[in-house]
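Here are the chains, one letter per residue:
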Amino acid sequence: MIQTIFRHIPKRFSICILVMFVVSCKSKKVLTGGEANANLSAKAIIKTHYQNEIDFKTLRGIMKIDYSDGESSQGFGANLRIEKDKAIWISSRPLPLVKAYITPDRVSFYNKLENEYFDGDFSYLSNLLGTELDFQKVQNLLLGQALLDLKEEKYDLEIANKNYQLKPKKAAELFKILFQIEPKNFKIATQQLSQPLKKRLLEINYLNYQQVSQYVLPNSIFITAIDKEVKNTIAIEYRNIEFNNPMNFPYKIPKGYKEIVLTKNDI
């Protein structure tokens, strides 16, 4: 069963999963409630969002991922390890048939079933999501932080879906962004990046958050990626995180594997 699942994972999705893993925790407490305060300014909300960013050294956990491209659906598990600001490591489970390793300078994965690998920079991830990416932005996405730097723009503020909704005061012609920040912990509730002329949309919804010890992390996430008529969705469920324990990141591309060279058609 596990071999059938991974044999049919598209190459573009193999790269997509490098970006979109989120974390959860053992003995978690799912957070609910909180009301938006209409008297707060956009500047104050953004400031609190960054003040509430979690600080840790390492985490590890397990996740269940369900993927659909509109025609077929797949589900599988994966192990996740993160060393903050340094490395993100992912391995399929129960068998390590696919492994991925992301550092500030590198995006890499290999597939044992197909005897192939990819090893390169962030340009393919940037093309996939329609915005320039680096390690810090990917890490922010995983932890419920804004993908873009909110301090670089001025935003109009309104209350929407009981969240603080931010839109740039000066809208770009080719690139649209929208953020919703939940009022309880000032973490991201929704991130939406779109290119209307190219009919591309990335929408990331953090359905709820959880608290373990002093850490507030995403509990579940739903991602929609649209490119013209193609729509992919990913639902992720998070569990069993351990914080700040020593860990390693076993990763070595096997000899004799064929390198994947992606073209625009692949992404």
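In this convention, every chain numbers its residues from 1, walking through the sequence in written order. Only residues with pLDDT of at least 70 are given local features in this predicted model, and only at 80 or more are side-chain atom pairs given and counted; all residues enter the totals for whole chains, interfaces and linings. Each side-chain value is derived from all of the structure's non-hydrogen atoms; neither hydrogens nor water enter the calculation.

Enquirer: Can you walk me through the packing of aromatic side chains in this structure?
Expert: Any aromatic ring pair is given by two values, namely how distant the centres are and how the planes are angled relative to each other. Aromatic contacts are taken between Phe, Tyr and Trp rings whose centres are within 6.5 Å, Trp giving its six-membered ring; a plane angle under 30 degrees counts as stacked, one over 60 as edge-to-face, and the others as tilted. With the rule as written, the count across this model stands at 9 aromatic pairs. Arranged with centres 5.3 Å apart and planes meeting at 40 degrees, the rings of Tyr 110 and Tyr 251 form a pair that is tilted. Of this pair, Tyr 110 sits in strand β6 (residues 106-111) while Tyr 251 sits in the loop between β14 (230-243) and β15 (258-259), and the two are 141 residues apart along the sequence. Only protein chains enter the calculation, and the probe is 1.4 Å; a residue is then buried if its accessible area is under 20% of its type maximum, exposed if over 50%, and partly exposed in between. Its relative accessible area of 5% is what places Tyr 110 among the buried residues. Connected via pairs of aromatic rings, a cluster forms that spans Tyr 101, Tyr 110, Phe 249, Tyr 251 and Tyr 257. Cation placement over rings: the criterion is NZ of Lys or CZ of Arg within 6 Å of the ring centroid and within 35° of the ring normal. Above the plane of the ring of Trp 89 lies Arg 81, whose end atom (NZ or CZ) is 4.5 Å from the centre. Here the guanidinium or amino end of Lys 151 rests over the ring plane of Tyr 50, the centre of that ring lying 3.7 Å away. A run of DSSP states H or I qualifies as a helix once it reaches four residues; a run of E qualifies as a strand once it reaches two. Both are numbered from the N-terminal end.

Enquirer: Is there a simple way to explain the side chain of Ser 91 in this structure?
Expert: By the secondary structure assignment, Ser 91 is in strand β4 (residues 87-93). A relative accessible area of 3% places Ser 91 in the buried class. Sequence-distant contacts of Ser 91, that is, excluding residues within four places in its chain, are made with Ala 78, Asn 79, Pro 96, Val 98 and Lys 99. Working rule for contacts: check all heavy atoms of both residues, and any pair within 4.5 Å makes them a contact.

Enquirer: When you look at helix α3 (residues 42-51) in this model, what are you seeing that I'm missing?
Expert: Listed as buried for α3 are Ala 42, Ile 45, Ile 46 and His 49. One side of α3 carries all its buried residues, which in axial view fall inside an arc of 95 degrees. Exposed residues on α3 whose side chains face more than 90 degrees from its buried face are Lys 43, Lys 47 and Gln 51. Tucked into the core, α3 has its buried residues touching β8 (155-160), β9 (163-168), β10 (176-181) and β11 (188-195). By definition, the arc is the one covered by directions from the helix axis to the C-beta atoms.

Enquirer: Before we go on, may I ask you to explain unusual backbone geometry in this structure?
Expert: Excluding glycine, most residues fall at negative phi; most peptide bonds, likewise, are trans. Cis peptide bonds are those with omega within 30 degrees of zero, and the linkage from Arg 93 to Pro 94 qualifies with 10 degrees. Along the chain, Pro 94 falls in the loop between β4 and β5 (98-103). You will see that Lys 162, though not glycine, has its phi angle at about 65 degrees, which is positive. Examined against the element boundaries, Lys 162 turns out to sit in the loop between β8 and β9. Not every positive phi belongs to a glycine, and Phe 186 is a case in point at roughly 60 degrees.

Enquirer: Help me understand the pairing of β5 in this model?
Expert: The side chains of a regular strand alternate between the sheet's two faces. Of all 6 residues in β5, 6 are buried, a share of seventy percent or more. Linkage of β4 to β5, two consecutive antiparallel strands, is achieved through a turn of 4 residues. Between any two strands, at least two bridges found by DSSP are needed for them to pair. Note: β5 against β6, 6 bridges, orientation antiparallel. Bridge pairing links Lys 99 to Tyr 110 in β6.

Enquirer: Can you help me understand the environment of Gly 120 in this one?
Expert: Tracing the sequence through the fold places Gly 120 in strand β7 (residues 116-120). A residue is classified by how much of its surface remains accessible, and Gly 120, at 22% relative accessible area, is partly exposed. Distance in space between the C-alpha atoms of Gly 120 and Val 107 is 5.4 Å, their sequence separation being 13 residues.

Enquirer: Can you walk me through the pairing of β7 in this structure?
Expert: Pairing of β6 with β7 involves 5 bridges; the strand directions are antiparallel. Looking at the pairing, Val 107 lines up with Gly 120 of β7. Hairpin connection from β6 to β7: 4 residues lie between these consecutive antiparallel strands, with Asn 115 at a positive phi of about 55 degrees. Pairing of β7 with β15, which is carried by 2 bridges, proceeds in the parallel orientation. Each bridged residue has a counterpart across the sheet, and for Tyr 117 the counterpart in β15 is Glu 259.

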